[in-house]
Amino acid sequence: MNGLTYDGNGHSRSTASRDGKAQAHPGTTERRAMPSLMPQPPATPERTDEQLLSAYREGDKAAFAQLVQRYQRELFHFLVRFLGDRAAADDVFQETFLQVHQSADQFDPSRRFRPWLFTIAANKARDLIRSQARRPTNPLQASINPGDDESGEFMDLMQSTQAFPDEPIQREELQQAVQRTVMSMPEHLREILLLSYFHQFPYKQISDILEIPLGTVKSRLHAAVAHFADRWRTMNQNKSAS
Amino acid sequence: MKTIPDDMDRRAIDLLLDRKASGQLNEVFAVSVREQFEKRLDAVEQVLSLLDQLPEFDPPADLASRTMARIADADHEPRHTIRPQFADTRPHA
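Residues numbered from 1 in each chain as written. Chains lettered and ligands numbered in written order. Predicted model: local features only at pLDDT ≥ 70, side-chain atom pairs only at ≥ 80, totals over all residues. Heavy atoms only, no water.

What to know about the overall build of chain B
Alright, step 1. Looking only at helices and strands, one finds four helices and zero strands in chain B.
Alright, step 2. Looking at chain B as a whole, 37% of its 93 residues qualify as buried.
Alright, step 3. A separation threshold of at least 6 residues defines the contact pool for chain B, and within that pool the share at least 24 residues apart is 56%.
Alright, step 4. Accessible area of chain B: about 6400 Å², with a carbon and sulfur share of 53%. (Helix = DSSP H or I, 4+ residues; strand = E, 2+ residues; numbered from the N terminus. Buried < 20%, exposed > 50% of the residue type's maximum accessible area, 1.4 Å probe, protein only. Contact = heavy atoms within 4.5 Å. Areas by Shrake-Rupley, 256 points an atom, 1.4 Å probe, with all protein chains shown as cover.)

In structure tokens form, the structure reads like this:
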């Protein structure tokens, strides 16, 4: 991908995949070249997240609204994918910014706002999942054949044609299958995979967000990818067997 | 039994997911094992690319405004003072 990814600091950074294929990620800002016949005045630089929060602390309420606007798409994406429920994501999104508002004075301006925001959001989302888990029915958790004990080599699994069926699958069906697979993952694996893949946090920042050691970030991500691949294979085996 | 990523799988995952690890392919492996590693990389990339199939979930159009309204409401709510379980209404001795 040769996209521009918002880095949470008011800037975009370019990312490129190995195949050069364009990929849009949540929070991605597409820049388009604008034809210009006249010299353009220099654009007013956007304030960084940290500058907006500082302004808010000094009484600029519009700065906070700008932060909410800036993150509504990316954070909502994370939450709805993590929780698997739009209404819950909506609620946690609001709770997250309420917490940001209430804790704004405690924010260390020498640190980045974006990881802090995601720390709050992930904590709120986890709290919700746990509170739902204590109820008799759990709408936020999906389970796909929890008793399955199929095993396999990682390499074989990933290169298996069973993981990517030759038969064309309807897009919607494929989307639902991937969503079910993601939702069937344990919460801590799903969370870290989403943060890394979609939100492109470096390992160090994930370590800060989840408050876990860097080594745990790595091992958890390795496990998450393996788990996702396992579940995907299981689903497709079941599908082809039925 | 679970699938356990071996060292090459782990390196492939790190290379694809950790932005800071990007561009280290040449440093990590000698030419003799590089081809094998490229296959692992392709395999992991193939698995991860499935995630791109997750549906897009656009936020409700009024999410930001509702969030701001909720914060305003929270500010206007009277602060709940914590009262002692037994109000101190008893006459002092």
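Looking at unusual backbone geometry
All names here are of chain A.
Alright, step 1. A positive phi angle, near 55°, is found at Gln200, a position not held by glycine.
Alright, step 2. Relative accessible area serves as the criterion here: at 0%, Gln200 is assigned to the buried category.
Alright, step 3. The phi dihedral of Glu211 is positive, around 55°, even though this residue is not glycine.
Alright, step 4. Locating Glu211 in the fold gives a position in the loop between α8 (203-210) and α9 (214-241).

What about the pattern of salt bridges?
Residues and elements named next belong to chain B.
Alright, step 1. Counted by the stated rule, this structure contains 21 salt bridges over all chains.
Alright, step 2. The partner of Asp7 in a salt bridge is Arg10, and the shortest N-O contact between them spans 3.8 Å. Of the two residues, Asp7 and Arg10 are both situated in helix α1 (residues 7-17); the distance of three residues between them amounts to about one turn of the helix.
Alright, step 3. The partly exposed category is assigned to Asp7, whose relative accessible area is 40%.
Alright, step 4. Since its relative accessible area comes to 31%, Arg10 is described here as partly exposed.
Alright, step 5. We note a salt bridge from Arg66 to Asp62, for which the minimum N-O separation is 3.1 Å.
Alright, step 6. Accessibility expressed as a relative area gives 28% for Arg66, which makes it partly exposed. (Salt bridge = Lys/Arg side-chain N within 4 Å of Asp/Glu carboxyl O.)

A few points about the interface of chain B and chain A
Alright, step 1. The partner chain A presents 60 residues to the 45 residues of chain B that form the contact.
Alright, step 2. Summed over both sides, the interface between chain B and chain A buries roughly 5100 Å², with carbon and sulfur atoms accounting for 63% of that surface.
Alright, step 3. The interface formed by chain B and chain A holds six salt bridges in total.
Alright, step 4. The closest approach of N and O atoms between Arg73(A) and Glu56(B), which form a salt bridge, is 3.6 Å.
Alright, step 5. Linking chain B with chain A are 14 residue pairs in polar contact (both at pLDDT 80 or more).
Alright, step 6. When residues of the side of chain B that touches chain A are traced back to their parent elements, those giving at least two are α1, α3 (31-49) and α4 (63-76) of chain B.
Alright, step 7. If one sorts the elements of the side of chain B that touches chain A by residue count, α3(B) sits on top with 12 residues.
Alright, step 8. Within the side of chain B that touches chain A, the residues separate by chemical class into 23 nonpolar, five polar and 17 charged. (Buried area = accessible area lost by both parts, 1.4 Å probe. Polar contact = N/O pair within 3.5 Å; in protein donor to acceptor, adjacent residues only side chain to side chain. Nonpolar A, V, L, I, M, F, W, Y, C, P; charged D, E, K, R; others polar.)

Here we look at the environment of Gln36(B)
Alright, step 1. Position of Gln36(B) relative to the elements: it lies in helix α3.
Alright, step 2. It is 9.0 Å that separates the C-alpha atoms of Gln36(B) and Met8(B), two residues lying 28 residues apart in sequence.

Here we look at the packing of aromatic side chains
Where two aromatic rings form a pair, the distance of their centres and the angle of their planes describe that pair.
All names here are of chain A.
Alright, step 1. Summed over all chains, the structure comprises 11 aromatic pairs over all chains.
Alright, step 2. Members of the aromatic cluster, connected to one another through ring pairs, are Tyr56, Phe64, Phe93 and Phe97.
Alright, step 3. In this arrangement the basic side chain of Arg81 is found over the ring face of Phe198, its NZ or CZ atom lying 4.1 Å from the centre.
Alright, step 4. We note Arg114 situated over the ring of Phe201; from NZ or CZ to the ring centre the distance is 4.0 Å. (Phe/Tyr/Trp six-rings, centres within 6.5 Å; stacked < 30°, edge-to-face > 60°. Lys NZ or Arg CZ within 6 Å of the ring centre and 35° of its normal.)

So, helix α1 (residues 49-57) of chain A
Alright, step 1. Buried within α1(A) we find Asp49(A), Glu50(A), Leu52(A), Leu53(A), Ala55(A) and Tyr56(A).
Alright, step 2. Gly59(A), located one to two residues past α1(A), shows a positive phi value of around 110°.

Considerations on the nonpolar core
Alright, step 1. Core analysis: the biggest nonpolar cluster contains 79 residues, and Leu75(A), Phe78(A), Leu79(A), Phe97(A), Leu193(A), Phe228(A) and Leu48(B) have the highest contact counts within it.
Alright, step 2. Counting residues per element, this core draws most heavily on helix α2 (residues 61-83) of chain A, which supplies 12 residues.
Alright, step 3. What Phe228(A) contacts, discounting residues up to four positions off in sequence, is Val178(A), Thr181(A), Val182(A), Met185(A), Leu193(A), Val47(B), Leu50(B) and Leu51(B). (Core = buried A, V, L, I, M, F, W, Y, C linked by side-chain atoms within 4.5 Å.)

Looking at the confidence of the model for chain B
All names here are of chain B.
Alright, step 1. Scored by pLDDT, chain B has a mean of 76; 66% of the residues are at 70 or more.
Alright, step 2. Throughout residues 81-93 the model reports pLDDT below 50, and contacts reaching past four residues in sequence, or to other chains, amount to zero contacts.
Alright, step 3. Here the prediction assigns the complex a pTM of 0.73, and the interface score ipTM is 0.73. (pLDDT = per-residue confidence, 0-100.)

Section: helix α7 (residues 187-197) of chain A
Alright, step 1. Counting buried positions over the 11 residues of α7(A) gives 10, a clear majority of the element.
Alright, step 2. Of all the residues in α7(A), the buried ones are Glu187(A), Leu189(A), Arg190(A), Glu191(A), Ile192(A), Leu193(A), Leu194(A), Leu195(A), Ser196(A) and Tyr197(A).

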